[in-house]
Amino acid sequence: MRLDKCLTENLAVSRKDAGKLIKQGKVCVNGIVVKDSAYKVALNDELTFMDEKLHIKEEDYKAYYMLNKPKGYVCASDDSLNPYVIALFKDEYKARELFCVGRLDIDTTGLLLVTNDGLWSHKITSPKHHVSKVYRAFLADPCPIDAIDTFKEGIVLKGESSKTKSAKLTIINQHEVLLEITEGKYHQVKRMFAAIGNKVEKLERLTIGGVSLDKELKPGEFRKLTQEELKLLGVGG
Ligand code: URA
């Protein structure tokens, strides 16, 4: 959020007057005078006006986006070799301390939610809440019809002892399928097909909890989630 907007909300002054007060050097961020009205305040910054502490409303900082994740980007900030998807958001957005809701593999494309709301992110990714995700997968070998029942009943993935939750497989053609799952195990879709002796060659996420990837978004583009989409994902009335 801009510094002048913060001031208008705290002191009930106009944006113009807030700008004047800032220029006069009366506002500090973390103990340092800031004279730029457009300065982007971060959630944990300490703001003072003439030594009086100002409050930043947490709701003002909640940010919810959908991104069409391109290939070659990672969802973890600790990878020093590959670009982090959050780098696609300009500085303005970076100041809001954004992170990815769950992870997609480096070679997976499609719908990725990005936020700074940790509780919301947890609700979407926690297996307890059964939020469904639909993936389109392109397979190396033809998909057998009986995979529909196998995935519906659940399948034991390599290195695990219990079955996956019931998943819905739709066969578009021999090499193209849609898979709806309600969990988010590590490399889950690729491992499910590996468990039936097939290989995912290309993977794209199409939906999360009833929200579909906006077809207008080119790879690397993002937009704010609409009120309707937020409702579908459990935010707002
Ligand atoms: N399943 C996978 O195997 N990879 C992803 O990126 C997402 C789901």
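Residues numbered from 1 in each chain as written. Predicted model: local features only at pLDDT ≥ 70, side-chain atom pairs only at ≥ 80, totals over all residues. Heavy atoms only, no water.

Caption draft 1: Up close: the site of the ligand. Within the structure, the ligand sits among L104, D105, T108, Y135, H187, Q188, V189, K190 and L203. The contact in question runs from a nitrogen atom of the ligand to an N or O atom on the side chain of D105, over 2.7 Å. Considered on its own, the ligand offers 240 Å² of accessible surface; in the complex 96% of this is hidden by protein. The site holding the ligand turns out to be the largest pocket. For the shell around the ligand, the element with the highest residue contribution is helix α6 (residues 188–195), accounting for three residues. A per-class count over the shell around the ligand returns four nonpolar, three polar and two charged. (Near = heavy atom within 4 Å. Polar contact = N/O pair within 3.5 Å; in protein donor to acceptor, adjacent residues only side chain to side chain. Areas by Shrake-Rupley, 256 points an atom, 1.4 Å probe, with all protein chains shown as cover. 1 Å grid on protein atoms, 1.4 Å probe; cavity = no way out; pocket = protein on both sides within 12 Å on 5 of 7 lines; lining within 4 Å. Sits in = over half its atoms within 2 Å of the grid points. Helix = DSSP H or I, 4+ residues; strand = E, 2+ residues; numbered from the N terminus. Nonpolar A, V, L, I, M, F, W, Y, C, P; charged D, E, K, R; others polar.)

Caption draft 2: Local environment of the side chain of D4. Tracing the backbone through its elements, the reader meets D4 in helix α1 (residues 3–11). Here D4 falls in the buried class, since its relative accessible area comes to 4%. One polar contact links D4 to R2, side chain to side chain, over a distance of 2.8 Å. Leave out the neighbours within four places in its chain, and D4 touches R15, A18, I22 and S37. (Buried < 20%, exposed > 50% of the residue type's maximum accessible area, 1.4 Å probe, protein only. Contact = heavy atoms within 4.5 Å.)

Caption draft 3: Just the pattern of salt bridges, in detail. All told, the structure shown has 12 salt bridges when counted by the stated rule. In this structure, R223 and E229 form a salt bridge, with 2.8 Å as the shortest nitrogen-oxygen distance. Using a relative accessible area of 22% as the deciding quantity, one classes R223 as partly exposed. Several salt bridges converge on common partners, so that one network encompasses E160, E183, K185 and R191. (Salt bridge = Lys/Arg side-chain N within 4 Å of Asp/Glu carboxyl O.)

Caption draft 4: Structural detail: the layout of surface pockets. Of the pockets and cavities examined, the largest pocket occupies roughly 650 Å³. As for the largest pocket, its lining consists of 27 residues, and the residues nearest its centre are G102, R103, L104, D105 and H187. Class assignment of the residues belonging to the lining of the largest pocket gives a composition of 13 nonpolar, six polar and eight charged. (Points joined across faces, edges and corners; volume = space filled by probe spheres on them.)

Caption draft 5: Region of interest: the environment of Q24. Checked against the element boundaries, Q24 lands in the loop between α2 (15–23) and β1 (27–29). Taking C-alpha positions, Q24 is 42 Å from C75, a pair spaced 51 residues apart along the chain.

Caption draft 6: How the structure looks around the pairing of strand β7 (residues 109–115). Taking burial as the measure, the seven residues of β7 include six buried ones, the bulk of the element. As paired elements, strand β5 (residues 64–69) and β7 share six bridges and run antiparallel to each other. Directly across from L67, in β7, lies its bridge partner L112. With two bridges joining them, β7 and strand β11 (residues 200–208) adopt parallel strand pairing. The residue of β11 that forms the bridge with G110 is R205. (Pairing = 2+ DSSP bridges.)

Caption draft 7: Local environment of the domain arrangement of the protein. Domain assignment breaks the protein into domain 1 (3–60) and domain 2 (64–232). Centre-to-centre, using C-alpha coordinates, domain 1 lies 39 Å away from domain 2. (Domains from an automatic or database assignment.)

Caption draft 8: Quick peek at the nonpolar core. By size, the foremost hydrophobic cluster in this structure holds 31 residues, and its most contacted members are L179 and F193. When residues of this core are traced back to their parent elements, those giving at least two are β5, β7, β8 (133–139), α5 (147–153), β10 (176–181), α6 and β11. When sequence neighbours within four positions are dropped, the list of residues in contact with L179 reads K133, V134, Y135, F151, A167, K168, L169, V189, M192 and F193. Membership of the second largest hydrophobic core comes to 16 residues, among which are M1, C6, V41 and L47. (Core = buried A, V, L, I, M, F, W, Y, C linked by side-chain atoms within 4.5 Å.)

Caption draft 9: Structural view of the packing of aromatic side chains. This model, assessed by the stated rule, comprises five aromatic pairs. With centroids separated by 5.7 Å and ring planes inclined at 85°, the aromatic side chains of Y65 and F222 adopt a geometry described as edge-to-face. Within this pair, whereas Y65 is found in strand β5, its partner F222 is found in strand β13 (residues 222–224), the two being separated by 157 residues in sequence. In terms of burial, Y65 and F222 fall into one category: buried. Here the aromatic rings of F89 and F222 are separated by 4.0 Å at their centres, their planes lie at 20°, and the arrangement is stacked. Residue F89 is found in the loop between β5 and α3 (91–94), and its partner F222 is found in strand β13; the two are separated by 133 residues along the sequence. Each member of the pair, F89 as well as F222, carries the same accessibility label: buried. Through successive ring pairs, a cluster of aromatic residues spans Y65, F89 and F222. (Phe/Tyr/Trp six-rings, centres within 6.5 Å; stacked < 30°, edge-to-face > 60°.)

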